[in-house]
Amino acid sequence: MIAVVGASILCLSPYSPDFNPIELWWSQLKSLLRQFSPTSTKMVDTIIAVALDLINPKHLKNWFTNCCYCTS
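Residues numbered from 1 in each chain as written. Predicted model: local features only at pLDDT ≥ 70, side-chain atom pairs only at ≥ 80, totals over all residues. Heavy atoms only, no water.

This next bit is on helix α1 (residues 21-36). Taking 1.5 Å per residue as the helical rise, α1 with its 16 residues ought to reach 22 Å, and the 24 Å between its terminal C-alpha atoms agrees with that figure. Among the residues of α1, those classed as buried are P21, W25 and L29. Within α1, the buried residues cover an arc of 70 degrees as seen down the axis, which keeps them to one side. Here the buried face of α1 lies against α2 (41-54) and α3 (57-66). Just downstream of α1 lies S37, where phi reads positive at about 40 degrees. (Helix = DSSP H or I, 4+ residues; strand = E, 2+ residues; numbered from the N terminus. Expected span 1.5 Å × (residues − 1). Buried < 20%, exposed > 50% of the residue type's maximum accessible area, 1.4 Å probe, protein only. Arc of directions from axis to C-beta. Contact = heavy atoms within 4.5 Å.)

Before going further, it helps to spend a moment on the environment of K58. Tracing the sequence through the fold places K58 in helix α3. The spacing of K58 and L24 is 34 residues in sequence and 13 Å in space, taken between C-alpha atoms.

Our next topic: the packing of aromatic side chains. Using the criterion set out here, one finds two aromatic pairs in the structure. Taking 5.6 Å as the distance between ring centres and 65 degrees as the angle between the ring planes, the aromatic pair formed by F64 and Y69 counts as edge-to-face. We classify F64 as partly exposed; its relative accessible area is 36%. (Phe/Tyr/Trp six-rings, centres within 6.5 Å; stacked < 30°, edge-to-face > 60°.)

Moving on, we come to a nonpolar patch on the surface. On the surface, a cluster of nonpolar side chains totalling about 270 Å² of accessible area is made up of L60, F64 and Y69. On the secondary structure map, F64 appears in helix α3. (Patch = residues over 30% accessible without salt bridge, like charges linked within 9 Å, V, L, I, M, F, W, Y side chains within 5 Å. Areas by Shrake-Rupley, 256 points an atom, 1.4 Å probe, with all protein chains shown as cover. Salt bridge = Lys/Arg side-chain N within 4 Å of Asp/Glu carboxyl O.)

Time to look at the confidence of the model for the protein. Reading predicted coordinates in detail is not appropriate for stretches of low pLDDT. Here the protein shows a mean pLDDT of 88. Residues at 70 or above account for 97%. By mean pLDDT, α3 is the weakest element of the protein at 87, and α2 is the strongest at 93. (pLDDT = per-residue confidence, 0-100.)

The next subject is the packing of α1 against α2. Where α1 meets α2, the closest approach of the two axes is 10 Å, and the angle between their N-to-C directions is 135 degrees. For the element pair α1 / α2, the angle class is oblique. Judged by the sense of rotation from one axis to the other, the crossing of α1 with α2 is right-handed. From α1, W25, L29, L32, L33 and F36 reach across to α2, where they touch V44, I47, I48, A51 and L52. Split by residue class, the contact of α1 with α2 holds 10 nonpolar, no polar and no charged. (Axes fitted to C-alpha atoms, helices over the stretch in contact; angles between N-to-C directions. Parallel < 35°, antiparallel > 145°, perpendicular 65-115°, else oblique. Left-handed = near helix turned anticlockwise from the far one by under 90°. Nonpolar A, V, L, I, M, F, W, Y, C, P; charged D, E, K, R; others polar.)

Dropping the structure here:
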């Protein structure tokens, strides 16, 4: 049925958080949240804002390099 309509199946590798740079940021954010144990949504918003402010291009490059992406 798939071939009849001109489509094909492409088998992709399973999802791996090890190769997703955003997972590295999420792990740091979750660590910050656990560290400060916010008790309100305002505190959560503040922690997320601070975490975003702390990211710099060097962090991004390292995360992509760590996930096997070419960063040259």
